[in-house]
Amino acid sequence: MLDPNIFRNDIDQVAQALNSRGYKLEVERIQTLDAQRRKLQVEMQALQETRNAQSKAIGQAKGRGEDIQQLLTQVDNMGAELKALEEQTAAVQEALNQIYMTIPNIPHVSTPVGKSEAENIEIRRWGTPRLFDFEPKDHVALGEALDMLDFETAVKISGSRFVVMKKELVALHRALAHFMIDTHVEEHGYEEIYVPFLVNSASFEGTGQFPKFKEDIFQIYGQDLGLIPTSEVSVTNVVRDSIVPLAALPIKYVCHSPCFRSEAGSYGRDTRGMIRQHQFEKVEMVQVVHPDHSYEALEEMTQCAEKILQKLELPYRVLSLCTSDIGFCSAKTNDLEVWLPGQNQYREISSCSNMESFQARRMKARYRSAAGKPELVHTLNGSGLAVGRTLVAVLENYQNADGSITIPTALQPYMKGLKRIMLPSAS
């Protein structure tokens, strides 16, 4: 959530900044409600002062032995008026809060201005896409030929956008997650954390899923619980309603978890295979940092995600997302896109974002400054990486003409030394 003060002091500038990401700020409605709130507060303050004066007069009149019944009635009436004003003020403030909770973050000045993903800016590339001496297949054809990806059974069990994995492919999927966690903990200084996969509405509000994206969440009927779309929700909320000691910053957590998304609004997109599913796994990096260091942390986090792809020797590119393509809470986002020969294009495999104080203000997540004053932290998160999409990239980039899959060198220790996944007839 943005600081409400900026709507009182710089609302036109805020509207212009938000317009760059395709969001039209309700300037007149915000100003009207805020004017009502301020007017009601002035009336409340004046009435409270009058009531206090009357209460003092009652005491003085009582001391003189005078009849105070009329004064008591006046004070009681003012109490009722005061309660009505408080209720009106609360209603106006709630209307303002509801608007504030749906307003996205202001893009950082370094975020490219653009109207669509076509205006994202490529920062760098790593690796060269492999030249095949045969027609490369996509992961669906490869996995089904291996008898290790089964979408038909998944449809029977659950419906579309699910998969059943079997045999060595399950082990490879698990190996990828373990490899990612080990790299981030042992080489990048992250602390591994395990968190609930079901969280309450306060947690969803804290990281910006509620109220804006409530329809995207799988919710538990009759309970204030929903399945996480990413462990960012649970992990970031670890610091909700707390004041972190300055010496404890930065906090760097890494978490492997399942993720659940309804994919509302994405019908017809990526219906084939494992690119866009209702259930998938991800290794997530979360940092809680001092505001002065959040953009250094964003670059570091991006490089940590890149390191995974480099170790797997998977070609990729890094993009700076434009204003219309960054997420709701993000001020700046770097995307990693891995090369998929089966699709003959780069596809997103990680997003690393700096939320600045946007989530922290919602969560009341603070640190105590050197002067002893509580200040809002900055929060960041990034995929390190999406496990299923990394599996897709390994299958497609490491495929052989006979349909077998070579295991990347970095993963062989996690696969008990297995160097190749063979077709059933060849094994």
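No experiment lies behind these values; they were computed from the predicted model shown. (Residues numbered from 1 in each chain as written. Predicted model: local features only at pLDDT ≥ 70, side-chain atom pairs only at ≥ 80, totals over all residues. Heavy atoms only, no water.)

Trainee: Help me understand the overall build of the protein, please; the structure alone is not making it clear to me.
Mentor: Per the secondary structure count, the protein includes 12 helices and 17 strands. A separation threshold of at least 6 residues defines the contact pool for the protein, and within that pool the share at least 24 residues apart is 73%. Averaging the coordinates of the 46 positive side-chain charges in the protein and doing the same for the 55 negative ones gives two points 1 Å apart. (Helix = DSSP H or I, 4+ residues; strand = E, 2+ residues; numbered from the N terminus. Contact = heavy atoms within 4.5 Å. Lys, Arg positive; Asp, Glu negative; His and termini not counted. Charge placed at Lys NZ, Arg CZ, Asp CG, Glu CD.)

Trainee: Help me understand the sheet that holds strand S1 (residues 121-126) in this model?
Mentor: Across a sheet, strands are paired by hydrogen bonds formed along the backbone, either parallel or antiparallel in direction. The strand order across the open sheet formed by eight strands is S1-S10-S11-S12-S15-S9-S8-S4, and the pairing between neighbours is mixed. Lying at the two open borders of the sheet, with one neighbouring strand each, are S1 and strand S4 (191-192). Helix-sheet contacts for helix H10 (residues 294-311) involve S1, strand S8 (251-260), strand S9 (279-289), strand S10 (316-320), strand S11 (332-340), strand S12 (345-354) and strand S15 (378-386), and the interaxial angle to S15 is about 5°. (Pairing = 2+ DSSP bridges. Axes fitted to C-alpha atoms, helices over the stretch in contact; angles between N-to-C directions.)

Trainee: I'm lost on the packing of aromatic side chains in this one. Help?
Mentor: The geometry of an aromatic ring pair is captured by two quantities: the separation of the ring centres and the angle between the planes. With the rule as written, the count across this model stands at nine aromatic pairs. Judged by centre distance (5.3 Å) and plane angle (75°), the rings of phenylalanine 132 and phenylalanine 134 are edge-to-face. With a centroid separation of 5.6 Å and an interplanar angle of 85°, the aromatic rings of phenylalanine 213 and phenylalanine 328 are classed as edge-to-face. In this pair, phenylalanine 213 is assigned in the loop between helix H8 (201-206) and strand S6 (226-227) and phenylalanine 328 in the loop between S10 and S11, connecting sequence segments 115 residues apart. Relative accessible area serves as the criterion here: at 31%, phenylalanine 213 is assigned to the partly exposed category. Its relative accessible area of 10% is what places phenylalanine 328 among the buried residues. By way of ring pairs, the aromatic residues Phe213, Phe328 and Phe358 are connected into one cluster. Sitting above the plane of the phenylalanine 210 ring, lysine 214 keeps its charged end 5.1 Å from the centroid. Lysine 252 extends its terminal NZ or CZ atom over the ring of tyrosine 190, reaching a point 4.8 Å from the ring centre. (Phe/Tyr/Trp six-rings, centres within 6.5 Å; stacked < 30°, edge-to-face > 60°. Buried < 20%, exposed > 50% of the residue type's maximum accessible area, 1.4 Å probe, protein only. Lys NZ or Arg CZ within 6 Å of the ring centre and 35° of its normal.)

Trainee: How should I be thinking about the side chain of lysine 252 in this particular structure?
Mentor: Mapped onto the fold, lysine 252 is located in strand S8. Judged by relative accessible area, which is 16%, lysine 252 ranks as buried. Polar contacts involving the side chain of lysine 252 include one to the main-chain carbonyl oxygen of histidine 188, which spans 2.8 Å. Discounting residues that sit within four places of it in the chain, lysine 252 has contacts with His188, Gly189, Tyr190, Glu191, Val286, Gln287 and Glu300. (Polar contact = N/O pair within 3.5 Å; in protein donor to acceptor, adjacent residues only side chain to side chain.)

Trainee: Looking at this model, I keep getting lost on helix H12 (residues 387-397). Mind explaining?
Mentor: Because each turn of an α-helix spans 3.6 residues, side chains separated by three or four positions end up pointing in the same direction. Burial analysis of H12 places 11 of its 11 residues in the buried class, which makes it a mostly covered element. Regarding H12, the residues found buried are Val387, Gly388, Arg389, Thr390, Leu391, Val392, Ala393, Val394, Leu395, Glu396 and Asn397.

Trainee: Just to check I follow, could you spell out the pairing of S12 for this structure?
Mentor: Looking along a regular strand, one sees side chains alternate from face to face of the sheet. Across the 10 residues that make up S12, a large majority, seven, are buried. Where S11 meets S12, nine bridges bridge the pair, whose relative direction is antiparallel. Following the sheet pairing, glutamate 337 is matched in S12 by glutamate 348. Counted along the chain from S11 to the antiparallel partner S12, the turn is four residues long, and its residue asparagine 344 has a positive phi close to 55°. Pairing between S12 and S15: three bridges, direction antiparallel. Considered in S15, the bridge of cysteine 352 is made with glycine 382.

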